[in-house]
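Chains, contacts and geometry: an overview
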Amino acid sequence: MLFRSVEPGLSGTYLIPASAAPAFTTVDAEQSTARLERRWPALTPDVFRVEWTGYLGVDADDTYTFTLVADDGARLAIDGTPVVDTGAGRGFFEERRAVPLARGVHAVRLEYRQEGGDLSFAWMWVRGRGEAAPIESWRLSTRRSAWAAQQWAHRLDVAFAALLVALLLLAAVTWRE
């Protein structure tokens, strides 16, 4: 993340039902169980909600399968259209759905609900066929206009890492001679 000018991630609003105001709002680069646990450093409330909003950058026109894993519930909307909903019950749920997306930036609304008991959340995707994986943070932005900058920063990071490896290999070969 050498060339990042904008913090990647989605805007997360953490809510406790008994409170009229949000507990806090922040930018989350990842949306996962580990992130939820880190956001409540003292003691995770038994009941809370998180609403993440922002933008997802997609490289190519294709079918993308989105998966939500949640204990107790979650739902995902892309460009205002509901995509995945684990339902209203309590317990562990996993739901997925394939949707066609055009190359470009898409508005995302992701909600997680915890109603007591175990805490678990994952948001994953796969393009075409393959194994679902967490969405890379550089694909997420709080502003539509920031995604292009993040995409170029990611490409520069990859190119810089490759150049660094090549230089280290060259130095190792030269050092051995």
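Above this text is the structure in question.
All of these numbers come straight from a predicted model, not from anything done at the bench.

1. As for the sheet that holds strand β4 (residues 62–71)
Ordered in space as β7-β4-β9-β10, the four strands form an open sheet in which the pairing is antiparallel. Where the open sheet ends on each side, the last strands, each with one partner, are β7 (92–101) and β10 (133–134). In this structure, strand β9 (residues 120–127) lies alongside β10, joined through two bridges in antiparallel fashion. Considered in β10, the bridge of Trp125 is made with Ala133.

2. Regarding the environment of Trp123
The residue Trp123 is located in strand β9 in this model. For the pair Trp123 and Pro134, spaced 11 residues apart in sequence, the C-alpha to C-alpha distance is 6.0 Å. When near neighbours in sequence (up to four residues on either side) are disregarded, Trp123 contacts Leu10, Gln31, Phe66, Thr67, Leu68, Leu76, Val108, Leu110, Pro134, Ile135 and Leu140.

3. Description of unusual backbone geometry
Of note in this structure, Asp79 is not a glycine but carries a positive phi near 55°. Within the fold, Asp79 resides in the loop between β5 (73–78) and β6 (81–85).

4. Focus on the packing of aromatic side chains
Scanning all chains against the criterion turns up 10 aromatic pairs. Ring geometry for Tyr14 versus Trp52: centroids 6.5 Å apart, planes at 85°, classification edge-to-face. Here Trp52 lies in strand β3 (residues 47–58) and Tyr14 lies in strand β1 (residues 10–15), a separation of 38 residues in the sequence. Their ring planes at 25° and their centres at 5.4 Å tell us that Trp52 and Phe121 sit as a pair that is stacked. Residue Trp52 is located in strand β3, and its partner Phe121 is located in strand β9; the two are separated by 69 residues in the primary sequence. Pair check on accessibility: Trp52 and Phe121 agree, each one buried. Three or more aromatic residues link up through ring pairs in this structure, and these residues are Tyr14, Phe24, Trp40, Phe48, Trp52, Tyr112 and Phe121.

Conventions adopted
Residues numbered from 1 in each chain as written. Predicted model: local features only at pLDDT ≥ 70, side-chain atom pairs only at ≥ 80, totals over all residues. Heavy atoms only, no water. Pairing = 2+ DSSP bridges. Helix = DSSP H or I, 4+ residues; strand = E, 2+ residues; numbered from the N terminus. Contact = heavy atoms within 4.5 Å. Phe/Tyr/Trp six-rings, centres within 6.5 Å; stacked < 30°, edge-to-face > 60°. Buried < 20%, exposed > 50% of the residue type's maximum accessible area, 1.4 Å probe, protein only.

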